[in-house]
Structure formats: C-alpha cells, structure tokens
Amino acid sequence: MTSVQRGLTRRQFSVGLASLATATATRAMSETTLPTIDTHAHVFHRGLKLAPGRRYAPDYDAPLSLYLEQLDHNGMSNGVLVQPSFLGTDNSYLVECLKQTSGRLRGIAVVDLAVSADELHALDRAGVVGIRLNLVGQPLPDLTAAEWKALLAQVKAMGWQVEIQRNASDLAVLAPQLIDHGVTVVFDHYALPDPKLGVADPGFRSVLKLGATKKIWVKISAPYRNGAAGENFAKEAYPLLRNAYGLDRLLWGSDWPHTQFEAAQTYEKNRQFLDVLIADPSERAQVLASPYQLFRF
C-alpha cells in the first residue's frame, strides 16, 4: 500500500468515525427531545362576527401572532386552537390561523348538526382534528337522535375526537354514549367537578372509573375554572387522574387567553404551575408530549 493510499484510508476512517458520531448524536437527540404541546387555547379579535345567544364576548383581541409569542416564550413546540363558544360555528378564523402556521397548530371546531361531509373534510384538510361540545349552561344532547348519529358517524370515520366541556356528573353519563358511537372523547379542565366537593364529587369519582375504557383523555388545564381553590383541587386531582388514566391520556392546556379570568391569569403562570403540579421532569415531559398522535402532529 502506498503512502497516498494509507493517507486516504486514514482520512476515510476519520470521516467514517465523524459520520458515526454525528449519526449517534442525532439519534440520541431524537430519542430525548420530545414535543411540548399546549392542547387548549383560543384566538380571536373584535372584528369577528359573534354568535347569537352567546353568554360572553371579550372586549379585547387575542390574535394568532400573540398566541405564537406565548408558545415561543414558554418553550412550547405546538399548540391546539379550540373554537371559542362566542364565535359559534363560524370556524373561518380558526381555519385561517391553522393554514398560516404550516402544521405547528391543530384545531378543534364547533359545527352545526347539519354540517355536510364536504365541510368536515375541508376542516380536516386545514388541520382540524375534532369537534367541541361546550355544553355549559346548555341542555344535554340526545345522542340517540338521527342527526347526532349521523354527525358522530362522520367524526368516527375521520378519526376525529369529541371534546366536551360539562360538569363531571353529566360527563359520566355522556361519555359512555359517545364511546358507544366509536369516537374518542376528551374532557376539558379536569372534567369540572362540583367546586364545593372537588375530588369528593361523586361525578368526578365516576369520571375516574371511565379511565378503564382507554377511550378518554382528560385535559389538566385551567385549574381556576374549578373554583377559588382550583390549584389546591388540581394538586389533589392530578394523582387520581394519573392513576386512573395513565400519563399518556392526560393533556396539558394553557387555556390562553384565560377568558373571564384575564386579570388573574397569564400563560407563564399556568405553565409554571404545571412544574409544581408534576415535579418529576420525565413525567412532565411525557404529559406534554402525549398529545402528539391524538392531535395528529
């Protein structure tokens, strides 16, 4: 072997080692770097048409640009936009925002019972992955009615989720019916037990039992929506929910911009409370990453 050949061989060996080191480092990073996903936020501005019969309307703007700043400043890789109830079934701003972010965000829409398959598929293409039923203050739906059966069949066919905001005692009744329709279910805000009873609420205890179905996810979001002692309740509820559902079915959400609680809440405050709620970093990382497949990131 000539000296030139020996030199080439040594260089090739060095290049090979460098490539191997790079590949190993890349693989290690991919194995340890998990997504951090905020599964509950709202965007809107005062120029949007408001839904008739709304219970509340904000007097400020919460535009997409400001939400993206919150994600960036708090180290969040992805987010989920939930259609606000005061905008009704006009999801146009939600869709516009999803299209601007090149897959960083997903959406949960509010739709009319008579929504067409074409409209649902258009939402799906835009990045919507489910529908929301905000039933607070509303009569409970008759899920056996033909129009509900038709809508839920379409939701199932697309692999979407049904997100519900309702008190725990009613969720315990509604969720099994939804599961019977073959859809995935997500509960908002710790499943909203009676604030006076907290984890002792029989409805909340029934919600815990539903963890065995493996068809339901629970958002550990907005503890302040569970009464004045909401953070204390959350600290009691979290280990119960973790044991009943498992870390892979708990979802963190900021609830930004904290409608009706804006004076006392910020994105950073809620993100920091998660560190208090789940002190173990690996456990917390798993909760922040668990929405990845559910929301189709």
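All figures in this text were calculated on a predicted structure; none of them were measured in a lab.

Trainee: Would you take a moment to explain the sheet that holds strand β8 (residues 250-253) for this structure?
Mentor: In a beta sheet, neighbouring strands are held together by backbone hydrogen bonds and run either parallel or antiparallel to one another. Overall, parallel pairing links the eight strands, which are arranged β1-β2-β3-β4-β5-β6-β7-β8 in an open sheet. Where the open sheet ends on each side, the last strands, each with one partner, are β1 (37-41) and β8. Strand-to-strand twist across the sheet, computed as the mean angle between neighbouring axes with direction ignored, equals 25°.

Trainee: Which parts of the structure should I look at to understand the packing of aromatic side chains?
Mentor: Two measures describe an aromatic ring pair: the distance that separates the ring centres and the angle between the ring planes. Throughout the structure, instances matching the rule amount to nine aromatic pairs. Judged by centre distance (5.1 Å) and plane angle (85°), the ring pair of Phe44 and Phe86 falls under edge-to-face. Of the two residues, Phe44 is situated in the loop between β1 and α2 (64-73) and Phe86 in the loop between β2 (78-82) and α3 (92-100); the sequence distance between them amounts to 42 residues. By the burial criterion, Phe44 is buried, and Phe86 matches it. Over the aromatic face of Trp217 sits the side chain of Arg249, whose NZ or CZ is 4.7 Å from the ring centroid.

Trainee: Explain unusual backbone geometry to me, please; I cannot follow it from the model alone.
Mentor: A negative phi angle is the norm for most residues apart from glycine, just as the trans form is the norm for most peptide bonds. Look at the link from Trp256 to Pro257: it is a cis peptide, with omega at 5°. Assignment of secondary structure puts Pro257 in the loop between β8 and α9 (267-277). The phi torsion at His189 lies on the positive side, around 50°, for a residue other than glycine. Looking at where His189 falls in the secondary structure, it is placed in the loop between β6 (184-187) and α7 (202-209). In this model, Ala191 sits at a positive phi of 70°, which is unusual for a non-glycine residue. Note that Ala191 resides in the loop between β6 and α7.

Trainee: In this structure, what is going on with the packing of helix α8 (residues 230-245) against α9? I would like to understand it.
Mentor: Packed helices, taken two at a time, are described by the angle between their axes plus the distance between the axes. One way to put it is that α8 packs onto α9 with a least axis distance of 11 Å and a crossing angle of 40°. On the basis of their axis angle, the class for α8 and α9 is oblique. For α8 against α9, the interelement crossing comes out right-handed. Contacts between α8 and α9 involve Glu231, Ala234, Lys235 and Tyr238 from the former and Lys269, Phe273, Val276 and Leu277 from the latter. Here the contact of α8 with α9 is built from residues that sort into five nonpolar, no polar and three charged.

Trainee: So what exactly am I meant to see when it comes to the pattern of salt bridges here?
Mentor: Two side chains with opposite charge may pair up if their charged atoms get near one another. Scanning all chains against the criterion turns up 13 salt bridges. Notably, a salt bridge pairs Arg132 with Asp188, separated by 3.0 Å at the nearest N-O pair. A residue pair is termed long-range when its members are at least 10 positions apart, and Arg132 in strand β4 (residues 128-134) and Asp188 in the loop between β6 and α7 qualify at 56 residues. For the residue pair Arg132 and Asp188, the accessibility class agrees, reading buried in each case. Each of the salt bridges in this network shares a partner with another, and the network as a whole consists of Arg132, Glu163, Asp188 and Lys219.

Trainee: Before we go on, may I ask you to explain helix α4 (residues 117-126) in this structure?
Mentor: Helical periodicity: at 3.6 residues per turn, an α-helix aligns residues three or four positions apart in one direction. Among the residues of α4, those classed as buried are Leu120, Leu123 and Ala126. Along the long axis of α4, the arc covered by the buried residues comes to 120°, so they all point the same way. Opposite the packed face of α4, turned more than 90 degrees from it, sit the exposed residues Asp118 and Arg125. Buried residues along α4 sit in contact with α3, β3 (105-109), β4 and α5 (146-158). Gly127, located one to two residues past α4, shows a positive phi value of around 115°.

Trainee: What am I meant to see in the side chain of Gln265 here?
Mentor: In this structure, Gln265 sits in the loop between β8 and α9. By relative accessible area, which is 10% here, Gln265 ends up buried. A distance of 3.1 Å separates polar atoms of two side chains, one belonging to Gln265 and the other to Asn270. When sequence neighbours within four positions are dropped, the list of residues in contact with Gln265 reads Tyr224, His258 and Asn270.

How each quantity is defined
- Residues numbered from 1 in each chain as written.
- Predicted model: local features only at pLDDT ≥ 70, side-chain atom pairs only at ≥ 80, totals over all residues.
- Heavy atoms only, no water.
- Pairing = 2+ DSSP bridges.
- Helix = DSSP H or I, 4+ residues; strand = E, 2+ residues; numbered from the N terminus.
- Axes fitted to C-alpha atoms, helices over the stretch in contact; angles between N-to-C directions.
- Phe/Tyr/Trp six-rings, centres within 6.5 Å; stacked < 30°, edge-to-face > 60°.
- Buried < 20%, exposed > 50% of the residue type's maximum accessible area, 1.4 Å probe, protein only.
- Lys NZ or Arg CZ within 6 Å of the ring centre and 35° of its normal.
- Parallel < 35°, antiparallel > 145°, perpendicular 65-115°, else oblique.
- Left-handed = near helix turned anticlockwise from the far one by under 90°.
- Contact = heavy atoms within 4.5 Å.
- Nonpolar A, V, L, I, M, F, W, Y, C, P; charged D, E, K, R; others polar.
- Salt bridge = Lys/Arg side-chain N within 4 Å of Asp/Glu carboxyl O.
- Arc of directions from axis to C-beta.
- Polar contact = N/O pair within 3.5 Å; in protein donor to acceptor, adjacent residues only side chain to side chain.

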